[in-house]
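Letter by letter, the chains look like this.
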Amino acid sequence: MESNPTPNLVTPLEHCDWLNLLLTQIWSNYFNPKFSRRLSAIVEKRLKLRKPRFIEKVEVQEFSLGSCPPSLGLQGMRWSTSGDQRVLKLSFDWDTSEMSILMLAKLSVGTARIVINNLHIKGELLVTPILDGKALLYSFSSTPEVRIGIAFGSGASQSATELPGVSPWLDKLFTDTLVKTMVEPRRRCFSLPVVNLRKTAVGGVIYVSVISADKLSWSCFKSSPSLRQQNSTTNGLSESNLDDKDLQTFVEVEVEELTRRTGLSHGSNPTWDTTFNMVLHDNTGIVRFNLYERPSSGVKCDHLASCEIKMRHCEDDSTLMWAIGPDSSAIAKHAKFCGDEVEMVVPFEGTNSAELKVKIVVKEWQFSDGSHSLNNLRSNSQRSLIGSSTLLSKTGRKLKITIVEAKDLVTKDRSGKVSPYVKLQYGKVGKRTKVAPSTTTNPSWNESFDFDENDGDEYLNVKCFSEEIFGDENIGTANVNLEGLGDGSIKDEWIPLEGVSSGELRLKIEVVRVDDQEGSRSSANGWIELVVIEARDLIAADLRGTSDPYVRVNYGNLKRRTKVIHKTLNPRWNQTLEFLDDGSSLTLHVRDHNALLPTSSIGECVVEYQRLPPNQMSDKWIPLQGVKSGEIHIQITRKVPEMQTRSSLDSQPSSLSKSHQIPTQMREMLKKFRSLIEDGNLEGLTSTLSELESLEDTMEGYVAQLETEQMLLLSKINELGQEILNSSSSLSSSPSQNGN
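All figures in this text were calculated on a predicted structure; none of them were measured in a lab. (Residues numbered from 1 in each chain as written. Predicted model: local features only at pLDDT ≥ 70, side-chain atom pairs only at ≥ 80, totals over all residues. Heavy atoms only, no water.)

Enquirer: Outline the overall build of the protein, supporting the account with residue identities and numerical values.
Expert: Across its full length, the protein holds eight helices and 35 strands. In the protein, buried positions account for 48% of the 740 residues. Sequence-distant contacts, at least 24 apart, represent 66% of the contacts inside the protein between residues at least 6 apart. Approximately 36,200 Å² of the protein is accessible, and the part contributed by carbon and sulfur atoms is 50%. (Helix = DSSP H or I, 4+ residues; strand = E, 2+ residues; numbered from the N terminus. Buried < 20%, exposed > 50% of the residue type's maximum accessible area, 1.4 Å probe, protein only. Contact = heavy atoms within 4.5 Å. Areas by Shrake-Rupley, 256 points an atom, 1.4 Å probe, with all protein chains shown as cover.)

Set out below in structure tokens:
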């Protein structure tokens, strides 16, 4: 990290016996379990990618680093200064024979049980405090010395002499893993939180915006194949004759198995300004940016340079992001809550001056207890106190999954066609769609499947395949988080497919309670008429500074929702919802319609209606709780049948006539879709899609209203029937009374 430091920038050598004593005391209970789980996941992932040819499959069956911790600073430790950052240098020596790592390898002629029984790692460790001591970055200054002891377990069909290449393969695998994760300039992070919420993040949703690059030039990328080709054809011309304005570059964003690309931009200071929705499947993640050049002649793209930003969830519910800066310095940013935008300028590795400007917003973190963070710390803390997901605590429900359509699927067919189908796996139940016609990469299915909800199953596994003659080809997978779905709620989402360069799948997920007895309540007390009119000054939940708000209304166990109003902080719904009056609590949840995973809350409030005079409408603005700003405008009335004839029944024909017009409107929109697709009008398609979603929400509102009407009418019929029976019994008893 530092070359030839001056004497006044280096502290005297310090003893660190106390550090080894502390590490010995806390190793078994704190560090060892965490390191074992993390390292096991990394090694298992790399085993699948880097196994020898004579091993068909290898899996980790047991992984423990043992009870003997590494030794730190046996020759002391020393602080030095690199730029304006303090760096602690100390030796790292780990020689243990108490570890227990067991792997089962499947060979073409049998199986082998591989046991790692000792490990030796020796190198120099660098520790850099960042963010005023709130976190530490640590790495090896250079590739450490690694030796692994191998044995072969009993019960296998192969002996040690028949697998001579295993030991050097594992040595190289372990060394490469360290190099790619914690050898300079790659650094890991250890946070020192002041608040422990005792929650473990298991995934998240982030918005990654690739803004621009600066100081790109041909001289920065001497290894570029196109540059070498141009040099070979310029008949001795120098590199200075190459014009940097001719550079055509794009950026590929890589998060785990999910990759997305920007468009092409020209010159030494290209601007892309492109945002992608990305998904994390852990409490940490690496966002890698690969810069590619597309020569004017030919279609092959050349990799120029890369850089990366690492991020992790901290136990105080904030997010830490860090990268390597100029001269191996550390760039660290801290997002205090979800929705906080972080802008970073990161240099490309291996270049002198080229750098990339990006913005990252953590939309939400999801936790192992089923909850997920909201867009500020206060609302998240309140949610965590309330409890975990309704999915984990409720049973007797069905999940109706509709595979609607897909877009931009990948295909290796030269004609650009694909024959796709989708497999769904929920718990132990698997289902699949029919094969869509082999036309384009934007197929449509509109197939629905029902699953019995399982207590504890939070994810729906989705795999998209292309039917081929010689074996179906996997063209993308996704894990859909089902956490937080309430009774009667519907999610209509575009899910990005992982493991491929492009492709999204549209799913509609509906929750239905099987044992719901909504129609059994008596209407003797009348009904509640709630008009959700509008809202104002809502907080911005999206990266673009707006929201896509809708209102989810909870009345006891009943749930209703309004339509979605797109791209506004001052929406107008003007929707009427009705509930049988049984005195239940009435809560309004204003939510932002999210394109990935669960939607985000942008405020909530409780409506007090129990003391309202009968048949008198109350008009009120109610401030939203848990957010910095926002109010919702409603009108609410306690309707009592004995005192006033229900006006909504008179208006039913008009509602029905409007609902009858919806199929015609949808057919007209589909015709418009086809025309826009033929013209290639993307803006028109986006606008029309929003109109179609609003129309679907309107139709759902009509359906919900008709269901309420049906419940009220059935209840009233039951009451009238009971009155008729009572009257009949009274009339039948009259003659005997007269006879007396």
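Enquirer: Summarise the sheet that holds strand S21 (residues 420-426); cite the residues concerned and give the values.
Expert: Taken together, four strands build an open sheet; the order of strands is S22-S21-S24-S25 and the sheet is antiparallel. Only two strands of the sheet have a single neighbouring strand rather than two, namely strand S22 (429-432) and strand S25 (473-481). When strand polarity is set aside, the average angle formed by the axes of neighbouring strands in this sheet is 20 degrees. The pairing of S21 with strand S24 (residues 459-466) spans six bridges and is antiparallel. Pairing of Val422 across the sheet is with Cys464, part of S24. (Pairing = 2+ DSSP bridges. Axes fitted to C-alpha atoms, helices over the stretch in contact; angles between N-to-C directions.)

Enquirer: Break down the nonpolar core for me, citing the residues and quoting the values.
Expert: Counting 44 residues, the largest nonpolar core has Val253, Phe289, Ile309, Met321, Met344 and Leu356 as the members making the most contacts within it. Top contributing element to this core by residue count: strand S19 (residues 355-367), with six residues. When residues no more than four places from it in sequence are discounted, the contact partners of Met344 are Ile309, Met321, Trp322, Ala323, Ile331, Lys333, Leu356, Lys357 and Val358. Counting residues in hydrophobic clusters, the runner-up holds 43 residues, among them Leu47, Ile55, Val60 and Ile114. (Core = buried A, V, L, I, M, F, W, Y, C linked by side-chain atoms within 4.5 Å.)

Enquirer: Talk me through the pattern of salt bridges; I want residue IDs and the actual numbers.
Expert: Across all of its chains, the model carries 17 salt bridges by this definition. Close ionic contact of Glu405 with Arg506 constitutes a salt bridge, the shortest N to O distance being 2.9 Å. With Glu405 in strand S20 (residues 397-407) and Arg506 in strand S27 (residues 504-513), the pair connects residues that are 101 residues apart, well separated along the chain. Glu405 sits in the partly exposed class, given a relative accessible area of 22%. In this structure Arg506 comes out as buried when scored by relative accessible area, which is 6%. With a shortest N-O distance of 2.8 Å, Asp492 and Arg506 are connected by a salt bridge. Placement of the pair is Asp492 in strand S26 (residues 490-496) and Arg506 in strand S27, with a sequence separation of 14 residues. (Salt bridge = Lys/Arg side-chain N within 4 Å of Asp/Glu carboxyl O.)

Enquirer: Mind laying out the sheet that holds strand S30 (residues 558-561), listing which residues take part and the relevant values?
Expert: Pairing within the open sheet is antiparallel, and its four strands lie in the order S30-S29-S32-S33. In this open sheet, the two edge strands, each paired with only one partner strand, are S30 and strand S33 (600-607). Direction aside, neighbouring strands of the sheet carry axes that sit 20 degrees apart on average. Pairing between strand S29 (residues 549-555) and strand S32 (residues 586-592): seven bridges, direction antiparallel. Among the inter-strand pairings, Arg552 is bridged to a residue of S32, identified as His589.

Enquirer: Which residues make up unusual backbone geometry, and what values do they have?
Expert: Following Glu184, the chain continues into Pro185 via a peptide bond in cis, with omega recorded as 5 degrees. Within the secondary structure, Pro185 sits in the loop between helix H2 (166-182) and strand S8 (188-191). Positive phi, close to 50 degrees, is recorded for Asp273, a residue that is not glycine. Here Asp273 is to be found in strand S13 (residues 271-280).

Enquirer: Outline the packing of aromatic side chains, supporting the account with residue identities and numerical values.
Expert: What the rule picks out here adds up to seven aromatic pairs. Here Phe92 and Phe140 contribute two aromatic rings whose centre-to-centre distance is 5.3 Å and whose plane-to-plane angle is 90 degrees, an arrangement assigned as edge-to-face. Linking Phe92 in strand S3 (residues 85-96) with Phe140 in strand S6 (residues 135-140), this pair joins segments that are 48 residues apart in sequence. Among the residues examined, Phe92 registers a relative accessible area of 12% and is labelled buried. Three or more aromatic residues link up through ring pairs in this structure, and these residues are Tyr555, Phe579 and Tyr609. If you follow Lys407 out to its NZ or CZ, it ends over the ring of Trp494, 4.4 Å from the centre. In this structure, Arg536 packs its charged tip against the face of Trp621, placed 3.7 Å from the ring centre. (Phe/Tyr/Trp six-rings, centres within 6.5 Å; stacked < 30°, edge-to-face > 60°. Lys NZ or Arg CZ within 6 Å of the ring centre and 35° of its normal.)

Enquirer: Pulling in residues and values, what's your account of the environment of Ser97?
Expert: Mapped onto the secondary structure, Ser97 falls in the loop between S3 and strand S4 (100-107). Taking the C-alpha atoms as reference, Ser97 lies 8.1 Å from Gly66; in sequence the two are 31 residues apart. Ser97 has contacts with Asn117 and Asn118, leaving out every residue within four places of it along the chain.

Enquirer: An account of the environment of Phe221 is needed here, citing residue identities and associated values.
Expert: Relative to the elements of secondary structure, Phe221 occurs in the loop between strand S9 (201-214) and helix H3 (225-233). Using a relative accessible area of 3% as the deciding quantity, one classes Phe221 as buried. In this structure the C-alpha to C-alpha distance between Phe221 and Asn352, which are 131 residues apart in sequence, comes to 9.6 Å.

Enquirer: If you had to explain the confidence of the model for the protein to someone new, which residues and values would you point to?
Expert: Per-residue pLDDT for the protein has a mean of 76; in total, 74% of the residues score no lower than 70. Here helix H4 (residues 377-386) is the element of the protein with the lowest mean pLDDT, 33, and strand S18 (residues 341-347) is the one with the highest, 92. Long-range and interchain partners of residues 1-8, a stretch whose pLDDT sits below 50, account for 13 contacts in this model, where long-range means more than four residues apart. Contacts from residues 515-524, a stretch scored under 50 in pLDDT, to residues over four places away or in other chains number 20 contacts. (pLDDT = per-residue confidence, 0-100.)

Enquirer: Requested: an account of the pairing of strand S23 (residues 444-452), with residues and values cited.
Expert: Going residue by residue along S23, you find Trp445, Glu447, Phe449 and Phe451 tucked away on one face and Ser444, Asn446, Ser448, Asp450 and Asp452 left uncovered on the opposite face. Two strands pair when backbone bridges link them, and S20 and S23 are joined in this way by seven bridges, in the antiparallel orientation. The residue of S23 that forms the bridge with Lys398 is Asp452.

Enquirer: Just give me the short version of a nonpolar patch on the surface, but keep the residues and values in it.
Expert: Taken together, the side chains of Leu713, Leu714 and Ile717 make up a nonpolar region of the molecular surface, amounting to roughly 280 Å² of accessible area. Following the sequence through the fold, Leu714 ends up in helix H8 (residues 682-739). Given the relative accessible area of 47%, Leu714 is considered partly exposed. (Patch = residues over 30% accessible without salt bridge, like charges linked within 9 Å, V, L, I, M, F, W, Y side chains within 5 Å.)

Enquirer: Describe the pairing of strand S2 (residues 71-82), listing the residues and the values that go with them.
Expert: Judged from the eight bridges that link them, S2 and S3 form a sheet pairing that is antiparallel. Across the sheet, the residue bridging to Ser82 is Gln85, located in S3. Two successive antiparallel strands, S2 and S3, enclose a turn made up of two residues, where Gly83 displays a positive phi of approximately 65 degrees.

Enquirer: Could you give me a rundown of the state of the cysteines, with the residues and numbers involved?
Expert: Overall, the coordinates contain zero disulfides when judged by the stated rule. Not part of a disulfide, Cys314 finds its nearest cysteine sulfur in Cys189, a span of 6.5 Å. Judged by relative accessible area, Cys314 falls into the buried class, the value being 5%. (Disulfide = S-S within 2.5 Å.)

Enquirer: Give a description of the environment of Val358 that names residues and reports values.
Expert: By secondary structure assignment, the location of Val358 is in strand S19. Judged by relative accessible area, Val358 falls into the buried class, the value being 2%. Taking the C-alpha atoms as reference points, Val358 and Val346, separated by 12 residues in sequence, lie 8.1 Å from one another. Beyond its immediate chain neighbours, meaning those up to four positions away, Val358 contacts Ser209, Val210, Ile211, Phe289, Ile309, Val342, Glu343 and Met344.

Enquirer: Give a description of the side chain of Thr262 that names residues and reports values.
Expert: Within the secondary structure layout, Thr262 lies in the loop between strand S11 (258-261) and strand S12 (265-266). Each residue touching Thr262, except ones within four places of it in the same chain, is listed here: Val210, Phe250, Val251, Trp272, Thr274 and Phe276.

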